[in-house]
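Notes for the structure review
If you want the building blocks of each chain, they are given just below.
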Amino acid sequence: MALAALVLIASVAVAARQVGPIPALGPLLDPVNGVWNVAGAATREPDSLVHIPNLSGKVDVLYDDRGVPHIFAANEEDAYRVLGYVVARDRLFQMDLQTRATKGTLAELAGARLVSVDSSSRALGLARAAEAKFAALDKSAPSYRALAAYSDGVNAWIDGLKPRDYPMEYRLLGGKPAKWEPVNTLYFLMRMNLTLSFNDASLARMRAQALVGKAAADALLPVNSPIQEPIQPNGASAPRFDFTQLPAPSGGDTSLVTLASAREAEIDALLAMGVVRPGVDGIGSNNWAVAPARTRDKHAILAGDPHLDLSLPSVWYEAHLVVPGVLDVAGVTFPGVPGVIIGFNREAAWTFTNGQSDVNDYYAETVDDVNRPRKYMLDGAWQAITLKPEQYRGPSGSVLMTDTLLFTHRGPMRRFRGQWLSMRWTALEPSVELEGFIGAMRARNVTDWLASMENMRAPIQNGLVADRSGNIAIRATGAYPVRPGNRGDVIFDGTSSANDWTGFLPLARQPGAINPAQGYLASANQQPIDPRQSADYLGSDWYPPWRAMRINQLLRADSAWTPEKIRSMQSDAGSARVDAFMPIILRIANAALAVRQDAELQEAVRILSAWDRRYAKSSTQAALFEQTMSELQRRTWDELIDIKAKDSMPVTIPADAILLQLMSDSTSAWWDDRRTAGKEDEAAIVTQSLKTALATSKKKYGAPGGSGWQWSRIRQANIRHLLRIQGLSRSKIPIQSGPSTISPSDANGFHGPSWRMVVELGPEVRAWGIYPGGQSGNPSSPLYDNRIAKWAAGQHDEILFPRTPDALPANRVSFKFSAAGH
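Below or above, wherever it landed, is the structure these notes cover. (Residues numbered from 1 in each chain as written. Predicted model: local features only at pLDDT ≥ 70, side-chain atom pairs only at ≥ 80, totals over all residues. Heavy atoms only, no water.)

**Some details on the overall build of the protein**
If you tally the helices and strands in the protein, you get 24 helices and 33 strands. Here the protein has a C-alpha radius of gyration of 27 Å; the compact-globule value for 822 residues is 28 Å, and the two agree. With respect to the principal axes defined by its C-alpha atoms, the protein has extents near 85 × 70 × 60 Å. Looking at the protein as a whole, 63% of its 822 residues qualify as buried. Element-wise, carbon and sulfur atoms account for 51% of the exposed surface of the protein, whose accessible area totals about 28,800 Å². (Helix = DSSP H or I, 4+ residues; strand = E, 2+ residues; numbered from the N terminus. Rg over C-alpha atoms; globule rule 2.2 N^0.38 Å. Buried < 20%, exposed > 50% of the residue type's maximum accessible area, 1.4 Å probe, protein only. Areas by Shrake-Rupley, 256 points an atom, 1.4 Å probe, with all protein chains shown as cover.)

**Structural notes on the nonpolar core**
V82, V86, W316, F344, W425, W449 and F817 are the most contacted members of the largest nonpolar core, which totals 133 residues. If we ignore the near neighbours within four places in the chain, the residues touching W425 are L126, N193, L194, S197, F198, V359, N360 and W501. Counting residues in hydrophobic clusters, the runner-up holds 55 residues, among them A219, M549, I588 and Y615. (Core = buried A, V, L, I, M, F, W, Y, C linked by side-chain atoms within 4.5 Å. Contact = heavy atoms within 4.5 Å.)

**Some thoughts on the sheet that holds strand β19 (residues 419-425)**
Spatially, the 6 strands line up as an open sheet ordered β16-β17-β18-β19-β13-β23, and their pairing is mixed. Strands at the two margins of the open sheet, each flanked by one partner only, are β16 (386-393) and β23 (491-493). In this sheet, adjacent strand axes meet at a mean angle of 40° when their direction is disregarded. The sheet contact formed by strand β18 (residues 412-416) and β19 spans 4 bridges and is antiparallel. Bridge assignment links R414 to a residue of β19, and that residue is L421. (Pairing = 2+ DSSP bridges. Axes fitted to C-alpha atoms, helices over the stretch in contact; angles between N-to-C directions.)

**Some thoughts on the pattern of salt bridges**
When the charged atoms of two side chains lie near each other, side chains of opposite charge can form a pair. Tallying each qualifying case throughout the model produces 50 salt bridges. Note that D489 and R205 form a salt bridge whose closest N and O atoms lie 2.7 Å from each other. Pair noted here: D489 is in the loop between β22 (481-482) and β23 and R205 is in helix α11 (residues 201-212), with a separation of 284 residues, a long-range link. For D489, a relative accessible area of 1% translates into the label buried. Between E229 and R556 there is a salt bridge; the shortest N-O distance is 3.2 Å. Of this pair, E229 sits in the loop between β4 (227-228) and β5 (240-241) while R556 sits in helix α16 (residues 546-556), placing them 327 residues apart in sequence. Overlapping salt bridges, with partners in common, bring together R66, E318, R787, K790 and D797 in one network. (Salt bridge = Lys/Arg side-chain N within 4 Å of Asp/Glu carboxyl O.)

**A short note on the packing of aromatic side chains**
Within this structure, the stated rule accounts for 22 aromatic pairs. Ring centres of Y85 and W157 lie 5.4 Å apart, and the angle between their planes is 85°; this geometry places the pair in the edge-to-face category. With Y85 in helix α4 (residues 76-103) and W157 in helix α8 (residues 142-159), the pair connects residues that are 72 residues apart, well separated along the chain. Across the pair, exposure class does not vary: Y85 and W157 are buried alike. Here the aromatic rings of F344 and F801 are separated by 4.9 Å at their centres, their planes lie at 75°, and the arrangement is edge-to-face. Placement of F344 in strand β11 (residues 342-344) and of F801 in the loop between β32 (797-798) and β33 (813-820) is noted, with a sequence separation of 457 residues between them. For the pair shown, F344 and F801 are each scored as buried. Directly above the aromatic system of F801 lies the positively charged group of R346, at a separation of 3.6 Å from the ring centroid. (Phe/Tyr/Trp six-rings, centres within 6.5 Å; stacked < 30°, edge-to-face > 60°. Lys NZ or Arg CZ within 6 Å of the ring centre and 35° of its normal.)

**Focus: the packing of α4 against helix α10 (residues 184-197)**
Each pair of packed helices can be described by the angle between their axes along with the distance between the axes. Their axes nearest at 8 Å, the elements α4 and α10 cross at an angle of 75°. Comparing the axis directions of α4 and α10 gives the class roughly perpendicular. Taken together, the residues of α10 that come into contact with α4 (itself represented by Q98, T99, A101, T102 and K103) are N184, Y187, F188, M190 and R191. Within the contact of α4 with α10, the residues separate by chemical class into 4 nonpolar, 4 polar and 2 charged. (Parallel < 35°, antiparallel > 145°, perpendicular 65-115°, else oblique. Nonpolar A, V, L, I, M, F, W, Y, C, P; charged D, E, K, R; others polar.)

**Details of the pairing of strand β12 (residues 348-354)**
Among the 7 residues in β12, 7 count as buried, and that is most of the element. Of the two faces of β12, the one lined by A348, W350, F352 and N354 and the one lined by A349, T351 and T353 are each fully buried. Note: β11 against β12, 2 bridges, orientation antiparallel. If you follow G343 over to β12, its bridge partner there is W350. The antiparallel hairpin formed by β11 and β12 contains 3 residues in its connecting segment.

**Structural notes on the pairing of β19**
A large share of β19 lies buried, amounting to 6 of its 7 residues. Pairing geometry for strand β13 (residues 360-365) and β19, over 6 bridges, is antiparallel. The residue bridging E365 from the neighbouring strand is W420, located in β19.

**Quick look at the side chain of T620**
By the secondary structure assignment, T620 is in the loop between α19 (599-609) and α20 (622-636). Residue class for T620 comes out buried when judged on its relative accessible area of 18%. The contact partners of T620, leaving out residues within four places of it in the chain, are G705, G706, W709 and Q710.

Structural data, given as structure tokens:
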């Protein structure tokens with residue numbers, strides 16, 4: 001993420017669904033004691049002097065008119081203390097919820113209905129791993145000191161609250177804030193891993209193989225993308241299409257049906273937690289950097305926009321930290337994490353996209369007792385299972401449920417319809433990611449920044465960095481497991497240690513590049529390295545590189561880039577996906593019309609032929625194209641529908657790059673729809689899809705070309721409050737966005753660009769940024785949603801970056817205060 005996701009705070013959606021009815025609003029609207037009084041009190045400005053325990057000196061804080069705190073401290077730990085204080089002031093409920101979601105203590109806030117959610121979270125081993133990582137920290141290390149200092153600041157804010165000051169969500173849920181612990185940051189970082197690196201490649205393969213056989217499943221969900229536009233430059237000046245004939249579907253492997261069905265139950269549970277969203281186009285991320293030789297003013301320019309869950313408040317919080325001689329860094333952080341995650345300092349700028357890599361594996365374990373296992377078989381000998389008793393408590397502290405979690409040497413072990421599977425996942429391995437983020441903030445050049453990222457183990461991210469000397473670089477940060485057989489999208493036999501990981505890919509073999517000859521770098525969640533350059537297994541079933549293709553197409557076409565043009569590019573309406581499919585669809589349709597006239601087909605062709613292939617808000621043709629693509633997928637992959645299960649949806653849908661590959665073979669067996677009496681070919685499926693899409697679109701949107709067909713009425717953003725309260729959400733926001741565009745969105749509008757940033761690294765660093773929300777988590781604050789309109793219009797704010805407090809223009813200061821120790 002996402003950082004591709006990055007973190008989704010979506011377990012709170014479960015709170016909204018399962019906590020029961022919201023209390024009657026009458027008492028809550030009381031102007032003295034009700035929720036709106038709480039909301040107002042929670043936004044109070046701090047006194048001109050506040051006291052925070054353990055501060056070693058005076059810290060000045062100036063909020064600008066965008067709600068961004070500029071924190072000027074004498075040392076780094078004091079900066080983190082005050083950062084914790086101001087983030088808690090603006091985002092306390094959000095911080096608390098995301099911590100509870102990982103720790104598995106939502107029931108302590110919202111009651112017994114959330115025990116099952118807490119149990120699912122703990123069963124993944126997230127809390128156990130966070131606690132182990134925290135216990136292993138050297139107390140003299142920068143990361144430990146940062147965690148402790150940040151905790152001081154958060155608790156200073158909490159300690160100053162009276163119940164009437166609590167954020168309004170606590171009144172709605174009948175709870176109160178929990179004391180902040182230093183380990184809470186690591187709980188959050190584990191949640192980030194769940195969003196960005198829980199990649200269950202083996203399940204999709206099992207689903208497909210159970211129905212169409214191994215050869216077909218391997219082709220539909222390939223290790224290597226059939227379209228190559230890799231992150232690490234391969235010397236090509238255009239994408240490469242490695243299309244081959246798809247093997248015909250054959251008899252499925254029925255032995256996989258039960259196990260796949262059981263694994264689907266786990267995915268359903270994770271979906272209920274709002275964590276795993278396979279195939280959601282709006283979750284991804286873009287980044288790119290242009291070297292000075294390709295910019296108008298000969299300064300490197302960096303751009304990044306992680307695509308994540310769109311929520312109020314946002315997953316991001318903007319801040320600026322200054323410690324003379326140590327830090328001068330601005331950008332966005334996650335509420336709950338000390339420091340800036342994506343941003344820039346006086347010398348360098350950086351951002352991330354999610355690696356989409358396969359970093360968790362499953363092992364079928366043989367146990368001594370299938371109902372109550374205490375041992376598992378390994379290399380012919382029984383090994384003891386590690387047991388971890390758990391208690392789940394309610395708001396009053398009473399125990400609601402107990403259970404016992406099981407762990408092998410690989411990781412957590414769970415039962416799926418009689419089969420016990422253990423999981424090894426890089427997120428659960430020892431690591432010190434916070435050291436990497438702290439080092440990044442201090443970096444003075446590309447080399448420093450890349451060295452700091454060596455601390456990153458999980459999740460795998462495509463880290464992009466540029467510096468004022470004109471260097472640009474990208475590298476996959478994180479640990480790639482090395483497996484026997486060089487692939488991980490299978491379920492391994494757990495009885496043999498020969499199936500365990502043999503280590504991790506050396507840093508020198510991880511995808512990356514520094515100052516490439518092409519003069520730019522870009523990533524958009526595509527396969528990171530051309531398989532002709534490396535045979536290492538990094539993942540499978542990659543996102544099609546449509547966004548990367550469009551980004552590279554634009555970057556290749558210009559050698560005088562400016563920050564203004566880069567900012568406009570972040571909401572570009574063009575689509576490499578449309579450019580790939582449209583000529584084929586129109587060619588097939590026109591060939592059919594040349595043989596036999598068909599009024600409906602002719603009308604569909606006329607509408608699509610008039611389209612400029614851009615997802616502009618005013619477009620009235622994009623709707624028909626998307627409906628046609630849906631019909632094509634539905635009619636083509638009927639072999640992946642489990643008829644015995646009486647389901648009408650495929651168990652998995654191959655990427656549309658695979659559909660494009662199939663369209664190069666007009667006589668493939670896959671074109672025949674087994675649900676019909678006749679035998680279809682490619683032409684029949686395409687023409688039927690066009691005609692049905694036109695009829696469906698007319699029914700949904702009215703007469704073609706009318707206002708109902710306008711893309712702005714069809715594709716909109718929906719930014720939901722953490723508890724999914726409609727009145728506190730912002731819905732039906734028209735945006736310039738389409739599937740697989742640089743600024744993508746999914747059909748429900750819940751995901752998209754969560755933070756857009758552009759940085760020009762000239763003599764004085766300049767930066768622009770925007771996210772869809774506001775700095776405050778309080779719905780009664782003017783800073784709750786004040787950035788949404790600009791974000792939806794594709795505009796950016798200039799980020800203020802003063803060197804000293806006096807350098808912040810007086811007319812841009814909204815309020816200020818100082819902090820000191822007790």
